[in-house]
Amino acid sequence: MRTNLLIIVTLGVFIAISCSSEPSDQKEPVIKGRWFTQKQFQLGKQVFTANCASCHGNQAQGIVEDWKQRNPDGSFPAPPLDGSAHAWHHPLSVLVRQINEGGVKLGGTMPAFGDTLSDEEVIATIAYFQSFWDEQTYDRWVQMNSDQ
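Since the model is a prediction, treat every value here as computed from it, not as a measurement. (Residues numbered from 1 in each chain as written. Predicted model: local features only at pLDDT ≥ 70, side-chain atom pairs only at ≥ 80, totals over all residues. Heavy atoms only, no water.)

**Q** Run through helix 2 (residues 38-51), naming residues and quoting values.
**A** Taking 1.5 Å per residue as the helical rise, helix 2 with its 14 residues ought to reach 20 Å, and the 20 Å between its terminal C-alpha atoms agrees with that figure. Of the residues making up helix 2, those classed as buried are Phe41, Gly44, Val47 and Phe48. End-on view of helix 2: buried residues confined to an arc of 135 degrees, all on one side of the axis. Seen from the buried face of helix 2, the exposed residues on the opposite side, beyond 90 degrees, are Lys39, Gln46 and Ala50. Summarising the contacts, the buried residues of helix 2 are in contact with helix 3 (53-56) and helix 5 (119-130). (Helix = DSSP H or I, 4+ residues; strand = E, 2+ residues; numbered from the N terminus. Expected span 1.5 Å × (residues − 1). Buried < 20%, exposed > 50% of the residue type's maximum accessible area, 1.4 Å probe, protein only. Arc of directions from axis to C-beta. Contact = heavy atoms within 4.5 Å.)

Right, dumping it as structure tokens:
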């Protein structure tokens, strides 16, 4: 079931028509031309706020200035997910796996959410933080993953 949902969503990402919009400094996320629906965005906002914002920031901006610098305990802090760090380098399948398995294996402290969040909630969470990516970052992500 999880694999089928991931395949369907991934196909939707690349079938969706990207609409261009002018860059802006607006605080609200840009949704136009993205693969996800308003419903996914709204669910993602709820899930992100409840489970992710305390470490990744309310608007996925991160809460630690240098997220590449290890914490005193040797772990890495949570990176921003707003397109300014490395999340956009990863295909949807890797983003899903990261949320489901957590970040401990990679030197972070993010807990695994695979037993906590449904497939729908995981995909919606990704939709929400991708809504903060500017058009250029989002377009690069689509291009990098078009052969996935």
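**Q** Hey, could you go over unusual backbone geometry for me, with residue numbers and the actual values?
**A** Backbone geometry follows two general trends: most residues other than glycine have a negative phi, and most peptide bonds adopt the trans configuration. Positive phi is not limited to glycine here, since alanine 60 has a value of about 60 degrees. Tracing the backbone shows alanine 60 in the loop between helix 3 and helix 4 (92-101). The exposure class assigned to alanine 60 is buried, which follows from its relative accessible area of 0%.

**Q** Tell me about the nonpolar core, and please be specific about residues and values.
**A** Formed by 28 residues in total, the largest nonpolar core has its most connected members in Trp35, Phe48, Ile99, Ile126, Phe129, Trp133 and Trp141. Here this core gets 6 residues from one element, more than from any other, and that element is helix 5. (Core = buried A, V, L, I, M, F, W, Y, C linked by side-chain atoms within 4.5 Å.)

**Q** Give a description of the environment of aspartate 119 that names residues and reports values.
**A** Secondary-structure assignment places aspartate 119 in helix 5. The spatial distance from the C-alpha of aspartate 119 to the C-alpha of asparagine 100 is 9.1 Å, given a sequence separation of 19 residues.

**Q** I'd like a rundown of the packing of aromatic side chains, residues and numbers included.
**A** Describing an aromatic ring pair means giving the distance of the ring centres and the angle of the ring planes. With the rule as written, the count across this model stands at 7 aromatic pairs. Taken together, a centroid distance of 5.4 Å and an interplanar angle of 50 degrees make the contact between phenylalanine 48 and tyrosine 128 tilted. One end of the pair, phenylalanine 48, is in helix 2; the other, tyrosine 128, is in helix 5, with 80 residues separating them in the sequence. The class for phenylalanine 48 is buried, based on a relative accessible area of 0%. Where tyrosine 128 meets phenylalanine 132, the ring centres are 5.1 Å apart and the plane angle is 90 degrees; that geometry is what we call edge-to-face. When its relative accessible area of 16% is taken as the criterion, phenylalanine 132 is described as buried. (Phe/Tyr/Trp six-rings, centres within 6.5 Å; stacked < 30°, edge-to-face > 60°.)

**Q** Give a description of helix 4 that names residues and reports values.
**A** Among the residues making up helix 4, those that are buried are Leu92, Leu95, Val96, Ile99 and Asn100. For helix 4, the angular spread of buried residues about the axis comes to 130 degrees, placing them on one side. Of the residues trailing helix 4, glycine 102 is marked for its positive phi of about 80 degrees.

**Q** Before we move on, could you go through the confidence of the model for the protein chain and cite the residues and values that matter?
**A** Mean pLDDT for the protein chain: 85, with 79% of residues reaching 70 or above. Averaged pLDDT values over the elements of the protein chain bottom out at 46 in helix 1 (residues 2-15) and peak at 98 in helix 5. Of the regions scoring below 50 in pLDDT, residues 3-26 engages in 30 contacts with residues more than four places distant in sequence or in other chains. (pLDDT = per-residue confidence, 0-100.)

**Q** Hey, could you go over the state of the cysteines for me, with residue numbers and the actual values?
**A** Tallied over the full model, the rule gives 0 disulfides. In this structure cysteine 52 is a free cysteine whose sulfur lies 8.5 Å from that of cysteine 55, the closest cysteine sulfur available. Of the residues examined, cysteine 52 reaches a relative accessible area of 12% and is grouped as buried. (Disulfide = S-S within 2.5 Å.)

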